[in-house]
Amino acid sequence: MDKPLVAVLSGAGISTDSGIPDYRGPNGLWRRDPEAEKLVTYEYYMRDPEIRLRSWRMRCENHALRAEPNPAHRAVAELEKSGVPVRVLTQNVDGLHQLAGLPGRKVLELHGSARGVVCTGCGARGPMEDALARVEAGEGDPPCLVCGGILKPATVMFGQPLDPEVLGQALAISKACTVFLAVGSSLQVQPAAGLVGVAAENGARLTIVNAEPTPYDDVAHEVVREPIGTALPALLGRLAAQYGA
Ligand code: ZN
């Protein structure tokens, strides 16, 4: 039997069990607090040094880098280890799929990664951990060590375009996959909504695992409302048993 290509689109809901709140969704924390949203809006971040100081302080205080993967992240990594081809398209910037053991090349981070920093001047990249250590040591707004430019997290801030290469790969996977699981995403914003649409139009078997209804429930083959931490391991365990080595 041919092995299916399994695409997993993950949103904030897969990481809430790891203690990471939904920051960026339609009802996320950023959207409910305009002052907080400025900290992650490119235009404000670039033009206002005070915003950058607050933004770095916030990152030092919320310790997102300390979050651990949960059973749902581990279930995706285990499916890949069972020999089933898996690709993850994630709206999350927490890096927890990779920490759970999924090789980085199998994960497309649609909104970038909060585990890295990038210079807005020269494009140099580095680990967030090092930048936060500099903030802890007293640099309020640590500049790029290469060119002195403004450093920002390697995430796609509000007002920034998505990386067209990442988006192109995500579209290609959505077109090619045989099974598409949308997990913990409201599917109300782009690119998530578009990717689900492409997968459905191209004949993928669509399963939605989300606490709340989504606009794609009607075209899904299966809609699961149970908690992701138990529902996803069960679903992926069945796929592994069916198609794994
Ligand atoms: Zn630089």
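Criteria and thresholds
Residues numbered from 1 in each chain as written. Predicted model: local features only at pLDDT ≥ 70, side-chain atom pairs only at ≥ 80, totals over all residues. Heavy atoms only, no water. Buried < 20%, exposed > 50% of the residue type's maximum accessible area, 1.4 Å probe, protein only. Helix = DSSP H or I, 4+ residues; strand = E, 2+ residues; numbered from the N terminus. Contact = heavy atoms within 4.5 Å. Domains from an automatic or database assignment. Buried area = accessible area lost by both parts, 1.4 Å probe. Salt bridge = Lys/Arg side-chain N within 4 Å of Asp/Glu carboxyl O. Polar contact = N/O pair within 3.5 Å; in protein donor to acceptor, adjacent residues only side chain to side chain. Nonpolar A, V, L, I, M, F, W, Y, C, P; charged D, E, K, R; others polar.

A few words on helix α5 (residues 71-81). Taken residue by residue, α5 has A72, H73, A75, V76, A77, L79 and E80 as its buried positions. Its buried side turned inward, α5 meets β1 (6-10), β2 (86-90), α6 (96-99) and α10 (228-243). Looking one or two places after α5, you find G83, whose phi comes out positive at around 105°.

This paragraph deals with the domain arrangement of the protein. By the assigned domains, the protein splits into domain 1 (1-20 + 68-111 + 161-245) and domain 2 (27-66 + 114-155). Using C-alpha coordinates to define each centre, domain 1 is positioned 28 Å away from domain 2. Across the contact, seven residues belong to domain 1 and five residues belong to domain 2. For the pair domain 1 and domain 2, the two sides together bury roughly 440 Å², of which 45% comes from carbon and sulfur. When residues of domain 1 are sorted by the area they lose upon contact with domain 2, E68, V93 and H111 head the list and together hold 57% of the total. Across the contact surface, domain 1 and domain 2 share zero salt bridges. Across the contact surface, domain 1 and domain 2 share two residue pairs in polar contact (both at pLDDT 80 or more). Among the residues making up the side of domain 1 that touches domain 2, the classes are represented as three nonpolar, two polar and two charged.

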